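Each chain, letter by letter, is given below.
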4 protein chains.
Amino acid sequence: MGHHAERVTERTNRAVKGTTPASLAEFLRVRAATEALAAPLSAEDQTLQAAPECSPTKWHRAHTTWFFETFLLAPRGIAPLHPEWATLFNSYYVAVGPRGARTKRGMLSRPSSAEIGEYRRAVDGRVVRLLESAGDDELSEIEGVIALGLAHEEQHQELLLTDIRWALHDNPLLPAYRQLGAPPHDARASKLSFQMLEGGLREIGLSEGTEFRFDNEEPRHSVFVEPFALGRRLVTVGEWKAFADAGGYDDALLWLSDGFDWARANDVHAPMYATRDGGALVSFGLGGARELHDDEPLANVSFYEADAIARFMDARLPTEAEWEVAALTTNADPRAGNFVGDDLLSPRSAGGEGVTQLYGDAWEWTSSAYAPYPGFRTRAGAVGEYNGKFMVNQLVLRGGSCLTPRGHVRASYRNFWHPHTRFQTTGVRLARAGDR
Amino acid sequence: MGHHAERVTERTNRAVKGTTPASLAEFLRVRAATEALAAPLSAEDQTLQAAPECSPTKWHRAHTTWFFETFLLAPRGIAPLHPEWATLFNSYYVAVGPRGARTKRGMLSRPSSAEIGEYRRAVDGRVVRLLESAGDDELSEIEGVIALGLAHEEQHQELLLTDIRWALHDNPLLPAYRQLGAPPHDARASKLSFQMLEGGLREIGLSEGTEFRFDNEEPRHSVFVEPFALGRRLVTVGEWKAFADAGGYDDALLWLSDGFDWARANDVHAPMYATRDGGALVSFGLGGARELHDDEPLANVSFYEADAIARFMDARLPTEAEWEVAALTTNADPRAGNFVGDDLLSPRSAGGEGVTQLYGDAWEWTSSAYAPYPGFRTRAGAVGEYNGKFMVNQLVLRGGSCLTPRGHVRASYRNFWHPHTRFQTTGVRLARAGDR
Amino acid sequence: MGHHAERVTERTNRAVKGTTPASLAEFLRVRAATEALAAPLSAEDQTLQAAPECSPTKWHRAHTTWFFETFLLAPRGIAPLHPEWATLFNSYYVAVGPRGARTKRGMLSRPSSAEIGEYRRAVDGRVVRLLESAGDDELSEIEGVIALGLAHEEQHQELLLTDIRWALHDNPLLPAYRQLGAPPHDARASKLSFQMLEGGLREIGLSEGTEFRFDNEEPRHSVFVEPFALGRRLVTVGEWKAFADAGGYDDALLWLSDGFDWARANDVHAPMYATRDGGALVSFGLGGARELHDDEPLANVSFYEADAIARFMDARLPTEAEWEVAALTTNADPRAGNFVGDDLLSPRSAGGEGVTQLYGDAWEWTSSAYAPYPGFRTRAGAVGEYNGKFMVNQLVLRGGSCLTPRGHVRASYRNFWHPHTRFQTTGVRLARAGDR
Amino acid sequence: MGHHAERVTERTNRAVKGTTPASLAEFLRVRAATEALAAPLSAEDQTLQAAPECSPTKWHRAHTTWFFETFLLAPRGIAPLHPEWATLFNSYYVAVGPRGARTKRGMLSRPSSAEIGEYRRAVDGRVVRLLESAGDDELSEIEGVIALGLAHEEQHQELLLTDIRWALHDNPLLPAYRQLGAPPHDARASKLSFQMLEGGLREIGLSEGTEFRFDNEEPRHSVFVEPFALGRRLVTVGEWKAFADAGGYDDALLWLSDGFDWARANDVHAPMYATRDGGALVSFGLGGARELHDDEPLANVSFYEADAIARFMDARLPTEAEWEVAALTTNADPRAGNFVGDDLLSPRSAGGEGVTQLYGDAWEWTSSAYAPYPGFRTRAGAVGEYNGKFMVNQLVLRGGSCLTPRGHVRASYRNFWHPHTRFQTTGVRLARAGDR
């Protein structure tokens, strides 16, 4: 996921010297949320790294802290507390063999989780003091960096959960992150229908403004969209069963060529973490293993599976422009949805009217390759250094998931992963041509 | 490359029963061209496969023949000459482990090159007889399949040359395909400049029509393009030297992340087939090894290198829409350019006015992921079966190369390869925002 | 290393019901030694697994305990405390994909180190009660299993140290296991000389008897040995420097073919954990990084390196028969030597007369492939099930190391590892033909 | 296989200047035999390389010729005909990345098979002229080199056949090397029984002498052998079926640990080239595919399979000392047996009395690791340079096969391959302790 931003949030009343800026409360809230997510995990749990694309819990806790030290405190003359930790917790360092280091994050028994907790508290104190003592002329820039640091930390909050899920799944005892029930089932979950949406010359992305956004959301620009129809809810577990039972995983005609090769090479016949048990689909989640309900949204599928399922259902995936146009047209509320704060930590069945589940529940694969918007520019400085460097070989996902912090996503928000990725909470939204 | 099409070419005077249709001459011309390209190669040469993505010369000769047997003759009741060869020369067969078969094409000592020559002549005779005896009502459909088969064969003509180049390069003696000189140098090759092009709502792709096209060129559709500037010629070897000498291959800031990893993992510091020798860049081509001229277009670079070189030159790669808009706007002639018929088998320096080298010389990497056009539909029948299955993880290239048959490409023609591909004759065209 | 044995130690005075058997004290001593070795390590440290051939500290602690539960308690009707842990800590379980499980031992955050400590104490209590309540008729068999379990646990004590060394080395901070100085240097360390030993028909291995031995040491059998000369001490770091400085790592004539390929493929130019820094050789050990003294025995080299160094020094490695004949002929004391109890945790320079360092310091690679002795028989029962299954592709090592518990090795003791292994404390003893 | 030797054959009457030495006839006979084996293969066939451990037919033809140029002609001032071919056909050249070159032998379309034929004839002429013009003082040394070159060439004759078998098997059409019937079945093929052999201090290997031998057969030395029993014939296909039908491939208790892992990783459930078809075992051989007879000797099994089958049959493999003692004791004739000259090119069922099939039919895996004999010395000069470099990780095989030239093997002859090797004609001879 992209990592850099400038957030300037709800700061209208804060600037009088001596009063507490609203950004201070926001800072403390987000920082505490990370620790709350880590709290159910032992020091040993927090050391685990299941795969090169994951990081240990305590690494997430330290890296997000290193971010504030490096991009907020250091430029203002405040030296790092543990300079020797820089190589451990810096994800930006590129050199010969960087993957080597990345794959060894699970070997960091030291510093301990306890030391990292102390590190977080010490840096928090320094940030608070900086904020409290900042002059009016500095405050805006400081708050900009803090906003970016918090958006970055919220991304890592989601990763913390997806990564520990994988790690616990590697233990034959299948221990739970913590006690969780099945998400409540909404009786209104219904047969899939499609909503018609108008095409034409539309605008997506964000123009310059004061609300926080990542650079990949800029600039606002025109796209021509044909009329299209969008599935009113996410594809469900029951619909996946129909695909699987019809031999979908073995029918080359349903798949992209690279996808079929990938499925063969990895013997893929179910979503990640899930196993078929007769008619049931049993999945390991943060609450342990449980049978999924047929009306639950499907999750933990790759782009390849999403694309094949869509073809099986006589549909296709939406483009990211279509998704954003739909979100803007339907005026969906980005804060309404099943987010991490709802504490289900699992997608739940759809129950609303109109186009539902656009936000929360599961990230929605689009058919759009992740690419720079026309006129995209890299921002100045170290933070902006690598902004566009992931813009190849990945697909855009939209809308957030049940593990995303509420308020983190918006209509223009672009997530992105390689097409084989399955350890994120990734689901399927269907689209069709508008004239059908 | 895409493989399926319906070509109906220059057939205005052909339909009177008893006269020879123009398509017959075209059929014989293209079929003979394949044999002419294979002629300098011994039976042993024709058996070589350098890599899984390559095929032996004689496989190309047999596969393109199998295509006519399978899609033209068999549906009309003419049984295949060697039914047992079907598994050898069928590239469409998908099953568990298809790559296994693909990687073993170099083990096909039998049938011999001579037997494949006989096979070609026998199938040619059958096609000729079919054409000559066809009723008026059948002719149009037959000629459609033939047009597709010939377009397909022309694609394999280019592959035949790129594949044997790799194979001969694997021999420490570096034998030449045949005697070739350096391409003549055009004294007018000049400093790189950019041509401004207007943006707006434009149309690209092809609507239904009678001229041959592959399905991925359809349908014609609207795109919104910002004003842009396009490099008037391809990037040269001299410009590549500037990039390399400035440490471009080792400067992570110039690269996409996946690209930098790829370059590290494969120790890439020069184009494929090329080695730096002091100030010189020596490359192995179809005529053997020779030093490249600084004004020659750069070729055999990956998308990753093309993208990094563009960034180094304070530019970017064009989108495929921009490329097609430029080709249409400048009204460039798709038959004018350095094609295989010119027998240089190497890109040559640019000498014209305006935007040059759009066609021929080297395929031009675009920044556009290969994806279906809005409204793309798979064609009916076995030929159309897999039309869209390559539409992920690949980038579009435009314009043809010095190894492409003249007349094969057009403004709407879409080639596509994975971003690390270097064994094709792939070069770099620069673009910039229009307001700079 | 082999894992199974029947030890019947020093039990002459113990059998009177109600008195404490000597085996009880031995049991408690060895079990406590494991915990003492683990004590400097945090729960996080104890979870680390650096490579598939290593195991986490807490896994060693649990596996050795599982051994007593499975082979001592369960057959006597005492059910396991945590039946669900069996798959976690059973190294004997063979099934499709066993390596998968083996490579995931580092993912076992649960059970925690603390729970494993409780597990050990609970099992210890059960074993003590079993011993105390055993009838005279049962005691001998029980003590046999205990002796085997303790020999097995001592092997894991050494592995615990070699494995945590690798794990800590993977941390860029290079943390020490605990504070350790350099081993004291013995001023008598001298120029290498050779001791002549007589050949003839000799006997090696052990006949049936009451002292504990692993099955691979049986039976005693005749071998014909030519007269030979044995190096009086281990090859030193200084002698390794002469080899390296003469280009030994790049001189194919000094190497076995497989070894040279291995060194090339892994870019081997120094012992594991060591880097050349000008004239110095700096190595990371359990006490952290330090410069090695030229008179210290070389360690952490593969069989391939050992063999090449021997050839460079105009010598060869001894066979295991030669080594055992020398040990028996010189009557060396297997308890005298630098063992783990000496707390150097590093080989030290040789200072004695005659053939020195036969026991302790570093395991000595022999040129003998690990194979069954003539008449070797697999023992009955689950413990003996796999006794000979490692007898291919490995080389025998003799004599123990500075990380081996004192009393664990003897003249007939056979250790074995694949020839590329370097994470054990493996060194070089030279031999030559006797008539030189 | 070892490659170097000094052969001094049947030269009692040859030395009179002007008469033709017997070695000349032998030279021409062996050289012609190579060409006869290659004759059924087209130029395309001769270019194929199925795996890195194989070489193309024409490479064998050229390499054996290069050997005479390099070790016989060049030292006598006769410059090579094609100096630029040295890197192509020199198997002795070791450098960084030698495997790269080795894996690319199948890319040598040039020089052509025809050119290699001319090369052979030209070198033959030079050797003949050298022999005819040699003075008495030179002849002995020249004939020594020739004897070595011919023994080397005979090894490559066998490899030529095993390598083309693999190559043709990679073609889905399964073409035959040439027309061959099933070997005749000997009605006397009988139930397996064992012959008792005495133990004691015995001598194996060769002392210095005038008959040709490879260096690894020297020196003659004493070994102590326990009494043992040897299977009177090779293990048969029928006995393999009993092993397979009892689930032998999936029973870990029967296997060495490395072997079981190898069988799992490679999904091994039948000998190489063979597939089970109901009760039948169908194998692809040089004559194409055919069903094997239950009494035929099993072939194309790895050491791992041989070892597991022996354990299943309540036996073990012999050591190489036991094999040689048996061969000497029974006084078997090394020229009597099923060799390549018998033109079956397949093992045949045993029909004799006593210990049969010691020579020919199939190479017999021993349990002995390939190691230098006590007192082994590398010979001087370039030829002897690498004599011992293969003496690790390989197992000794004895006795020759149906693809070995008659007269090539003897009681002391040592072949060797890695334990997973299956493309050689490798079978199973059983042994047991003598006191059973």
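These numbers come from a predicted model, not from an experiment.

Trainee: Go over the overall build of chain A, please, and point to the residues and values.
Mentor: Within chain A, the secondary structure is distributed over 11 helices and 14 strands. Overall, the C-alpha framework of chain A stretches about 65 × 55 × 45 Å when taken along its three principal axes. Across the 436 residues of chain A, 60% fall into the buried class. In chain A, of all internal contacts separated by at least 6 residues, the share reaching a separation of at least 24 is 80%. Surface exposure of chain A reaches about 16,200 Å², of which carbon and sulfur atoms provide 52%. A distance of 1 Å separates the average location of the 46 positive side-chain charges in chain A from that of its 58 negative side-chain charges.

Trainee: Please set out the relation of the copies chain A and chain C residue by residue, giving values where relevant.
Mentor: Mapping one chain copy onto the other needs a rotation about an axis and a shift along that axis. Superposition of chain A onto chain C requires a rotation of 180 degrees combined with a translation of 0.0 Å along the rotation axis, giving an RMSD of 0.0 Å. On the angle and the small slide along the axis, the relation comes out as a two-fold axis. Scanning chain A for the C-alpha nearest the rotation axis identifies Glu44 of chain A, at a separation of 2.5 Å. Mapped onto chain C, 100% of the interface residues of chain A are again interface residues, and the two copies thus contact each other with one and the same surface.

Trainee: I'd like a description of the interface of chain D and chain C, backed by residues and values.
Mentor: Of the residues lining the interface, 33 residues belong to chain D; the matching set on chain C comes to 33 residues. Between chain D and chain C, the buried area comes to about 2,600 Å², and carbon and sulfur atoms account for 63% of it. Seen at the junction of chain D and chain C, the total is zero salt bridges. Our enumeration of links across chain D and chain C arrives at eight residue pairs in polar contact (both at pLDDT 80 or more). Broken down by secondary-structure element, the contributors of at least two residues to the side of chain D that touches chain C are α4 (98–103), β5 (221–225), α8 (257–265) and α9 (303–312) of chain D. Residues belonging to the side of chain D that touches chain C are distributed by class as follows: 20 nonpolar, six polar and seven charged.

Trainee: I'd like to hear about the sheet that holds strand β7 (residues 274–277) of chain B, residue by residue, with values.
Mentor: Pairing between sheet strands relies on hydrogen bonds along the backbone, with the strands arranged either parallel or antiparallel. Residue and element names in this part refer to chain B. Spatially, three strands are ordered β7-β8-β9 in an open sheet, and the strand pairing comes out antiparallel. One side of each edge strand has no neighbouring strand; the edge strands of this open sheet are β7 and β9 (288–291). On average, adjacent strands in this sheet sit at an angle of 25 degrees to one another, irrespective of strand direction. As paired elements, strand β8 (residues 280–285) and β9 share four bridges and run antiparallel to each other.

Trainee: Please give an account of the relation of the copies chain D and chain C that cites residues and values.
Mentor: With an RMSD of 0.0 Å, the operation that places chain D on chain C is a rotation of 180 degrees combined with a shift of 0.0 Å along the axis. Looking at chain D, 100% of its interface residues are interface residues in chain C too, so the copies touch through the same face.

Trainee: How would you summarise the interface of chain A and chain C if you had to cite specific residues and measurements?
Mentor: Counting residues at the interface gives 31 residues for chain A and 31 residues for chain C. Buried surface at the junction of chain A and chain C, summed over both partners, amounts to about 2,300 Å²; 56% is from carbon and sulfur atoms. Among the residues chain A hides against chain C, the three largest losses belong to Glu44, Met107 and Arg110 of chain A. Together they make up 35% of the total. At the boundary of chain A with chain C, the tally comes to six salt bridges. Notably, a salt bridge pairs Asp45 of chain A with Arg110 of chain C, separated by 2.9 Å at the nearest N-O pair. At the surface where chain A touches chain C, the tally comes to 14 residue pairs in polar contact (both at pLDDT 80 or more). Those elements giving two or more residues to the side of chain A that touches chain C turn out to be α3 (86–89) and α6 (136–169) of chain A. Residue composition of the side of chain A that touches chain C, by class: 16 nonpolar, eight polar and seven charged.

Trainee: Can you lay out the pairing of strand β6 (residues 228–231) of chain A for me, pointing to particular residues and giving the numbers?
Mentor: Regular strands have side chains that alternate between both faces of the sheet. All names here are of chain A. Residues Phe228 and Leu230 point to one face of β6 and Ala229 and Gly231 to the other, with burial holding for every one of them. Strand direction decides the pairing type here: strand β2 (residues 194–197) and β6, joined by four bridges, are antiparallel. Looking at β6, one finds that Leu197 is bridged to Phe228. Strand direction decides the pairing type here: β6 and strand β14 (residues 431–433), joined by three bridges, are antiparallel. Among the inter-strand pairings, Leu230 is bridged to a residue of β14, identified as Ala431.

Trainee: Quick one: what's the story with the sheet that holds strand β8 (residues 280–285) of chain D, residue by residue and with numbers?
Mentor: All names here are of chain D. Reading across from one edge, β7-β8-β9 is the order of the three strands in this open sheet, with antiparallel pairing throughout. The sheet is open, and its two edges are formed by β7 (274–277) and β9 (288–291), each paired on a single side. Looking at each pair of strands side by side, their axes are set apart by 25 degrees on average, direction ignored.

Trainee: How would you summarise the pattern of salt bridges if you had to cite specific residues and measurements?
Mentor: Per the stated rule, a full pass over the model turns up 112 salt bridges over all chains. Across the salt bridge formed by Asp342 of chain A and Arg406 of chain A, the nearest N and O atoms sit 2.8 Å from each other. Taken together, the residues Asp342 of chain A in the loop between α10 (320–330) and β10 (363–369) and Arg406 of chain A in the loop between β11 (395–398) and β12 (415–417) connect sequence positions 64 residues apart. The class for Asp342 of chain A is partly exposed, based on a relative accessible area of 33%. One salt bridge in this structure joins Arg316 of chain B and Glu322 of chain B, with 3.0 Å as the shortest N-O distance. The class for Arg316 of chain B is partly exposed, based on a relative accessible area of 31%. In this structure Glu322 of chain B comes out as buried when scored by relative accessible area, which is 7%. By sharing partners, the salt bridges in this structure join Arg31, Glu35, Arg61, Arg120, Asp124 and Glu153 of chain A into a single network.

Trainee: I'd like to hear about helix α7 (residues 237–245) of chain A, residue by residue, with values.
Mentor: An α-helical segment advances 3.6 residues per turn. Residues three or four places apart therefore align on the same side. All names here are of chain A. Looking only at α7, the buried set comprises Val237, Glu239, Trp240, Lys241, Phe243 and Ala244. Looking at the buried side of α7, the elements it contacts are β7 (274–277), β8 (280–285) and α9 (303–312). Gly247 sits one or two positions beyond α7 and adopts a positive phi of about 80 degrees.

Trainee: Give a description of the packing of helix α1 (residues 22–38) of chain D against helix α6 (residues 136–169) of chain D that names residues and reports values.
Mentor: Residue and element names in this part refer to chain D. Axis separation between α1 and α6 bottoms out at 10 Å; the angle between their running directions is 20 degrees. The angle between the axes of α1 and α6 places the two elements in the roughly parallel class. The handedness of the crossing between α1 and α6 comes out as left-handed. Where α1 approaches α6, its residues Ser23, Glu26, Phe27, Arg29, Val30, Arg31, Ala33, Thr34 and Leu37 are matched on the opposing element by Glu143, Ile146, Leu150, Glu153, Glu154, Gln157, Leu160 and Leu161.

Trainee: I'd love a proper account of the packing of aromatic side chains, names of residues and values included.
Mentor: All names here are of chain A. Going through the model one piece at a time under the given rule, you end up with 91 aromatic pairs over all chains. A centroid spacing of 5.9 Å and a plane angle of 80 degrees characterise the contact between Trp66 and Phe71, whose relative ring orientation is edge-to-face. The class for Phe71 is buried, based on a relative accessible area of 13%. An aromatic cluster is built from Trp240, Phe243, Tyr249, Trp255, Phe260 and Phe312, whose rings are joined through pairwise contacts. Geometry around Phe260 places Arg264 over its ring, the cationic atom sitting 4.1 Å from the centre.

Trainee: Describe the nonpolar core, naming the residues involved and giving the relevant values.
Mentor: All names here are of chain D. Judged by nonpolar contacts, the single largest core of 123 residues is most densely connected at Leu72, Phe89, Ile146, Tyr177, Trp240, Trp255 and Leu430. Among the elements that make up this core, the one with the highest residue count is α6 (15 residues). In this view, Leu430 contacts Leu192, Phe194, Ala229, Leu230, Gly231, Val235, Ala310, Met313, Ala315, Arg316 and Pro318; residues no more than four positions away in its chain are not counted.

Trainee: Could you give an account of the confidence of the model for chain A, with specific residues and numbers?
Mentor: All names here are of chain A. Predicted confidence across chain A gives a mean pLDDT of 91, with 91% of residues reaching 70 or more. Ignoring residues within four places in sequence, the model shows residues 1–17, a span with pLDDT below 50, making 63 contacts including any to other chains. This model gives residues 95–100 a pLDDT under 50, and the stretch forms three contacts once residues within four places in sequence are excluded. Among the scores for the predicted complex, ipTM is 0.92 and pTM is 0.93.

Trainee: Account for the packing of α1 of chain D against helix α2 (residues 57–73) of chain D, naming residues and giving values.
Mentor: Residue and element names in this part refer to chain D. Where α1 meets α2, the axes come as close as 9 Å, and the angle between the chain directions of the two elements is 165 degrees. By the criterion of interaxial angle, the relationship of α1 to α2 is roughly antiparallel. Every pair of crossing elements has a handedness; the one defined by α1 and α2 is left-handed. Counted together, Phe27, Arg31, Thr34, Glu35 and Ala38 of α1 and Thr57, Arg61, Thr64, Thr65 and Phe68 of α2 form the full contact between these two elements. Residue composition of the contact of α1 with α2, grouped by class: three nonpolar, four polar and three charged.

Calculation notes
- Residues numbered from 1 in each chain as written.
- Chains lettered and ligands numbered in written order.
- Predicted model: local features only at pLDDT ≥ 70, side-chain atom pairs only at ≥ 80, totals over all residues.
- Heavy atoms only, no water.
- Helix = DSSP H or I, 4+ residues; strand = E, 2+ residues; numbered from the N terminus.
- Buried < 20%, exposed > 50% of the residue type's maximum accessible area, 1.4 Å probe, protein only.
- Contact = heavy atoms within 4.5 Å.
- Areas by Shrake-Rupley, 256 points an atom, 1.4 Å probe, with all protein chains shown as cover.
- Lys, Arg positive; Asp, Glu negative; His and termini not counted.
- Charge placed at Lys NZ, Arg CZ, Asp CG, Glu CD.
- Least-squares fit on C-alpha atoms with pLDDT ≥ 70 in both.
- Buried area = accessible area lost by both parts, 1.4 Å probe.
- Salt bridge = Lys/Arg side-chain N within 4 Å of Asp/Glu carboxyl O.
- Polar contact = N/O pair within 3.5 Å; in protein donor to acceptor, adjacent residues only side chain to side chain.
- Nonpolar A, V, L, I, M, F, W, Y, C, P; charged D, E, K, R; others polar.
- Pairing = 2+ DSSP bridges.
- Axes fitted to C-alpha atoms, helices over the stretch in contact; angles between N-to-C directions.
- Parallel < 35°, antiparallel > 145°, perpendicular 65-115°, else oblique.
- Left-handed = near helix turned anticlockwise from the far one by under 90°.
- Phe/Tyr/Trp six-rings, centres within 6.5 Å; stacked < 30°, edge-to-face > 60°.
- Lys NZ or Arg CZ within 6 Å of the ring centre and 35° of its normal.
- Core = buried A, V, L, I, M, F, W, Y, C linked by side-chain atoms within 4.5 Å.
- pLDDT = per-residue confidence, 0-100.

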